[in-house]
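Descriptive structure summary
Spelled out from the first residue to the last, the chains are:
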Amino acid sequence: SSLGHGRFYLRHRGCGVPDDDWLHLAGDLSYWHGKDDMGRSRELYSGPAMVAPFIDADGAVIGCHITWIDLNAPPKYRPALCDPDTGELLPTKKMRGTKKGGVIPLAGRIEARRWLGAEGIENTLAFARWEGFRPDTFYFAAGDLGNMAGPAADRFAHPEMKKEDRNGRLRPVMVPGPKPRVSAEAERDAMHVPDHVGELVLLADADSERVMTAAAMVRARARHARPGRLIPVVWPRRGTDFAAMMAGADGAYEDGAAA
C-alpha cells in the first residue's frame, strides 16, 4: 500500500488499515484558500494528506477526497487551519471533481453482496476494524449525508433549533425530511448502490446534529430499498462516532496496560 504514515493517522483515529490500495498518502499537498493581494490563488498550508478516489457505478474515478493530517494535533489529528481574513476555522477535508452518485471505496470488492458505509472514511474503517474486515463486504464512505441519502421530497421544522429572520423574529430551522424526492435527477444526486447488493449497512454519525441525521438515515433507507434487500442502520453511542469509540477503547486498553 502507498498509504505510508497515513497508517499512523488511521490507527490514532481508532481505524483499521485496509490492505487494499484505494487510499494514498501525499507527502506534501497544498491547501488553497482565497486570493492573495495580487488576485492569485493563495496557498494557505502545505502538509501530508490522505487522498481517496470517488468512483461511479462503473468503477470510474469521478473525483477525490482529501484529508490533511497532523499527527501532533489530537484528538482528530488534523491541522487547525484558519482564514487569515476572517479568523474562521476552515475544514481540513476537501473534495475535488464530483461525488454525485459515487462512493469512496475503502476495502473489499465492489461485487460483494454486503456493502457497509458511513459518511466519513474514519467511521467506516473503525467499524471495519471492529468486525474484522469481513471478506464478504465492500467497505465505502459516502462523503456526506446528502450523497448518502439524496434529496428530500420536503422539509420540516426542527423541534428545537431556531434562527432569526430578517425582522428579528425566531423561526424554526427547516430540515430536509425523511421522504426521498423521486426523479431521475434525484437518483443521480445520491450514491449508486448496485442491484446485486443484498445487504446495505448504513452507519450513522451521532456527533452530527441528531434530528437532521436521523431524517437523512430514514431517507437513505427508503431511497436504496429494493425487494429482499436488508438495510440496517447502526448508531454509535449518543454524542460520539465509531472512530471515537474505537480510539477511546484503545486509550482505555493502553491506560490499563500501563497501569
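Before any of the text, the structure's been laid out above.
Here's a quick rundown of the structure. All values derive from a computational prediction rather than experimental measurement.

Considering the sheet that holds strand 3 (residues 61-68)
With respect to topology, 4 strands assemble into an open sheet ordered 1-2-3-4, the strand pairing being antiparallel. Each of the sheet's edge strands pairs with one partner strand only, and the pair in question is strand 1 (24-35) and strand 4 (93-97). Each strand of the sheet is rotated relative to its neighbour by a mean of 40 degrees, with strand direction disregarded. Summarising the sheet, strand 1 and strand 2 (residues 41-55) pair through 8 bridges and their orientation is antiparallel. Residue pairing across strands places Ala26 opposite Ala49, the latter belonging to strand 2.

Regarding the packing of aromatic side chains
One pass over the full model with this rule turns up 7 aromatic pairs. Plain terms: the ring middles of Trp115 and Phe140 are 5.6 Å apart, the flat faces sit at 55 degrees to each other, and that makes the pair tilted. Of this pair, Trp115 sits in strand 6 (residues 114-118) while Phe140 sits in strand 7 (residues 137-141), placing them 25 residues apart in sequence. Pairing Phe138 with Phe140 gives two aromatic rings, centres 6.4 Å apart and planes at 15 degrees, and the pair type is stacked. We classify Phe138 as buried; its relative accessible area is 0%. You can call Phe140 buried: its relative accessible area is 0%. Aromatic ring contacts, followed pair by pair, group Trp115, Phe138 and Phe140 into a single cluster. Lying across the ring of Trp235, Arg210 places its NZ or CZ 4.6 Å from the centre.

As for helix 5 (residues 210-224)
If you check helix 5, its first and last C-alpha atoms are 21 Å apart, about what 15 residues at 1.5 Å a residue would give, namely 21 Å. For helix 5, the complete set of buried residues consists of Thr213, Ala215, Ala216, Met217, Arg219, Ala220, Arg223 and His224. In this structure, the buried side of helix 5 is in contact with helix 3 (145-149), strand 8 (155-164), strand 9 (170-176), helix 4 (184-188), strand 10 (199-203) and strand 11 (233-234). Regarding helix 5, its N-cap is Glu209, as a side-chain oxygen of that residue lies 3.2 Å from the backbone nitrogen of Val211 further along.

Considering the pairing of strand 10
Of all 5 residues that make up strand 10, 4 are buried, and the element is covered over most of its length. Two elements, strand 10 and strand 11, share 2 bridges in a ladder whose sense is parallel. Bridge pairing in strand 11 links Leu202 to Val233. Handedness of the crossover joining strand 10 and strand 11 through helix 5 is recorded here as right-handed.

Thoughts on unusual backbone geometry
Residues other than glycine predominantly adopt negative phi, and peptide bonds predominantly adopt the trans conformation. The linkage connecting Pro74 with the following residue, Pro75, adopts the cis geometry, with an omega of 5 degrees. Position of Pro75 relative to the elements: it lies in the loop between strand 3 and strand 4. In this structure, Tyr77 is a non-glycine residue whose phi angle is positive, near 55 degrees. Residue class for Tyr77 comes out buried when judged on its relative accessible area of 14%. Positive phi, close to 45 degrees, is recorded for Phe133, a residue that is not glycine. Residue position: Phe133 is located in the loop between helix 2 (121-130) and strand 7. Judged by relative accessible area, Phe133 falls into the partly exposed class, the value being 25%.

The rules behind the values
- Residues numbered from 1 in each chain as written.
- Predicted model: local features only at pLDDT ≥ 70, side-chain atom pairs only at ≥ 80, totals over all residues.
- Heavy atoms only, no water.
- Pairing = 2+ DSSP bridges.
- Helix = DSSP H or I, 4+ residues; strand = E, 2+ residues; numbered from the N terminus.
- Axes fitted to C-alpha atoms, helices over the stretch in contact; angles between N-to-C directions.
- Phe/Tyr/Trp six-rings, centres within 6.5 Å; stacked < 30°, edge-to-face > 60°.
- Buried < 20%, exposed > 50% of the residue type's maximum accessible area, 1.4 Å probe, protein only.
- Lys NZ or Arg CZ within 6 Å of the ring centre and 35° of its normal.
- Expected span 1.5 Å × (residues − 1).
- Contact = heavy atoms within 4.5 Å.
- Polar contact = N/O pair within 3.5 Å; in protein donor to acceptor, adjacent residues only side chain to side chain.
- Right-handed = clockwise from strand over helix to strand, strands pointing away.

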